[in-house]
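Read off the chains here:
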Amino acid sequence: MTEAEAIAKRIESFGTGRAFTAADFSDVAGRRNAANALGRLHAKGGIARAIRGVYYAPERSALMGTEVPASADEVVRAVARANKWIVALSGDAALNALGLDTQVPAKLVYVSSGPYKRYEYGPYDIELRHRANRDLLDCSQITCTIVQALKALGRENVGDEEIRTLARNLTEEQAGAFLEESAGLTSWVADAAKKIWEAKHGQDLNLPQIR
């Protein structure tokens, strides 16, 4: 099997909507060869390009007769993997992702261990804002997002309603991961993780106020 065939086979295994870069094929081809292979596939119409160096296999909507692009978050995750950055949704974008705010933000802001970057992708204006590594958690993606959402709300604004919303929107696995990974975090964030877990399991939320 040639490098190009191996790359095409892996893209097929990804399915639609998954964003990827040449770095995602480093085990089967050198970065330059992989980039060239992706460029050729794009030229033939086999894959779509999101931004420079980032591609995806579009989902084709039978109902609308159009191609459904990869999500903006998928594109950011592909960039982060390629550069070995830690990224996490922050601010209004994190609140929206977790159902704490229904308004879709005009700008998607991520905190990142890498340099400041800005991308335009379809209708999205995406910013990656540098933060020191100590401010980014070496935890699961969902825990990083929850922490950034809680910080956006502010400790004094995390009440029973917010806890119940998070408990309702998180899966059992996600709530459990946050509870486990919160052990070494700021005390009020750890308190919130405990309350989310208890609300998820129908326990009384009449606990001391988060502080």
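These numbers were taken from a predicted model, which means no experiment stands behind them. (Residues numbered from 1 in each chain as written. Predicted model: local features only at pLDDT ≥ 70, side-chain atom pairs only at ≥ 80, totals over all residues. Heavy atoms only, no water.)

**Section: the confidence of the model for the protein chain**
Here is step 1: Summing up the model confidence of the protein chain, the mean pLDDT is 90 and the portion of residues at 70 or higher is 91%.
Here is step 2: The element-level mean pLDDT for the protein chain is lowest in strand β4 (residues 59-61), coming to 74, with strand β1 (residues 19-20) highest at 98.
Here is step 3: Considering only residues more than four positions removed or in separate chains, one finds that residues 207-211, a stretch of pLDDT under 50, has 14 contacts. (pLDDT = per-residue confidence, 0-100. Helix = DSSP H or I, 4+ residues; strand = E, 2+ residues; numbered from the N terminus. Contact = heavy atoms within 4.5 Å.)

**Some remarks on helix α2 (residues 31-43)**
Here is step 1: Compared with the 18 Å implied by 1.5 Å per residue over 13 residues, the 18 Å span of α2 between its first and last C-alpha is a close match.
Here is step 2: For α2, the complete set of buried residues consists of A34, A37 and L38. Axial view of α2: buried residues confined to an arc of 100°, hence all on one face. Counted as exposed and oriented over 90 degrees from the buried face of α2: R32 and A43.
Here is step 3: Contacts made by the buried residues of α2 are with α1 (3-14), β1 and β3 (54-56).
Here is step 4: Downstream of α2 by a residue or two, G45 has a phi angle that is positive, lying close to 85°. (Expected span 1.5 Å × (residues − 1). Buried < 20%, exposed > 50% of the residue type's maximum accessible area, 1.4 Å probe, protein only. Arc of directions from axis to C-beta.)

**A few points about the packing of aromatic side chains**
Here is step 1: Inspection of every chain in the model, using the stated rule, returns four aromatic pairs.
Here is step 2: With 5.6 Å between their ring centres and 40° between their planes, F14 and F20 make a pair best called tilted.
Here is step 3: A relative accessible area of 21% means that F14 is categorised as partly exposed.
Here is step 4: Given a relative accessible area of 0%, F20 falls into the buried group.
Here is step 5: Summarising the aromatic geometry, the rings of F14 and F25 are spaced 6.0 Å apart at their centres and angled 45° between planes, so their arrangement reads as tilted. In this pair, F14 is assigned in helix α1 and F25 in the loop between β1 and α2, connecting sequence segments 11 residues apart.
Here is step 6: Residue class for F25 comes out buried when judged on its relative accessible area of 0%. (Phe/Tyr/Trp six-rings, centres within 6.5 Å; stacked < 30°, edge-to-face > 60°.)

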